[in-house]
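Observations on the three-dimensional arrangement
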Amino acid sequence: MMKLITWLFLGSLALAAFKAVLSVLVVAFLVILAVSFIRAPLKTLAVLFMLALLSAFGQHPMAGLLVVIAVLICGGICSIGESK
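From a predicted model like this one, the values you see are computed outputs, not experimental measurements.

1. Overview of the overall build of the protein chain
Helix and strand counts for the protein chain stand at three helices and zero strands. Here the protein chain has a C-alpha radius of gyration of 22 Å; the compact-globule value for 84 residues is 12 Å, and the former is much larger. Dimensions along the principal axes, computed over C-alpha positions, put the protein chain at roughly 75 × 35 × 15 Å. Per-residue burial for the protein chain yields a buried fraction of 5% across its 84 residues. When the accessible surface of the protein chain is totalled, it reaches about 7,400 Å², and 82% of it is carbon and sulfur.

2. Here's the deal with a nonpolar patch on the surface
A surface patch of nonpolar side chains, amounting to about 700 Å² of accessible area, comprises Phe18, Val21, Leu22, Leu25, Val26, Phe29 and Leu30. When you line up the elements, Leu25 lands in helix 1 (residues 2-39).

3. Quick word on the confidence of the model for the protein chain
Of all residues in the protein chain, 92% have pLDDT values of 70 or greater, and the mean over the chain is 85. At the low end of the mean pLDDT range in the protein chain sits helix 3 (residues 61-78), at 78; at the high end sits helix 1, at 94.

4. Notes on the packing of helix 1 against helix 2 (residues 41-59)
The contact between helix 1 and helix 2 brings their axes to 5 Å, and the two run at 130°. Relative to helix 2, helix 1 is oriented oblique. Along the contact surface, helix 1 presents Leu33, Ser36, Phe37, Ile38 and Arg39, while helix 2 presents Pro41, Thr44, Leu45 and Leu48. Class assignment of the residues belonging to the contact of helix 1 with helix 2 gives a composition of six nonpolar, two polar and one charged.

The rules we used
- Residues numbered from 1 in each chain as written.
- Predicted model: local features only at pLDDT ≥ 70, side-chain atom pairs only at ≥ 80, totals over all residues.
- Heavy atoms only, no water.
- Helix = DSSP H or I, 4+ residues; strand = E, 2+ residues; numbered from the N terminus.
- Rg over C-alpha atoms; globule rule 2.2 N^0.38 Å.
- Buried < 20%, exposed > 50% of the residue type's maximum accessible area, 1.4 Å probe, protein only.
- Areas by Shrake-Rupley, 256 points an atom, 1.4 Å probe, with all protein chains shown as cover.
- Patch = residues over 30% accessible without salt bridge, like charges linked within 9 Å, V, L, I, M, F, W, Y side chains within 5 Å.
- Salt bridge = Lys/Arg side-chain N within 4 Å of Asp/Glu carboxyl O.
- pLDDT = per-residue confidence, 0-100.
- Axes fitted to C-alpha atoms, helices over the stretch in contact; angles between N-to-C directions.
- Parallel < 35°, antiparallel > 145°, perpendicular 65-115°, else oblique.
- Contact = heavy atoms within 4.5 Å.
- Nonpolar A, V, L, I, M, F, W, Y, C, P; charged D, E, K, R; others polar.

Laid out in structure tokens, this is it:
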């Protein structure tokens with residue numbers, strides 16, 4: 001019985017440590033996101049939009065694929081008139 005209590009106690013300590021580490025990682029991610037918004041807002045929004053598209057692709061593969069194709073086609077059409 002004492003072994004079970006010991007394992008439960010160690011498991012709860014491990015979960016508490018995991019929660020603390022996860023909290024630190026979330027705060028670090030938010031700081032990095034804030035800095036990236038300050039330094040390059042358009043690139044940051046583009047990356048976040050692409051992550052949203054990947055999430056949509058995971059949830060609804062056909063709709064996500066159609067949206068990605070539409071974005072690629074519109075990006076190609078919009079960049080035709082640009083000269084570098």
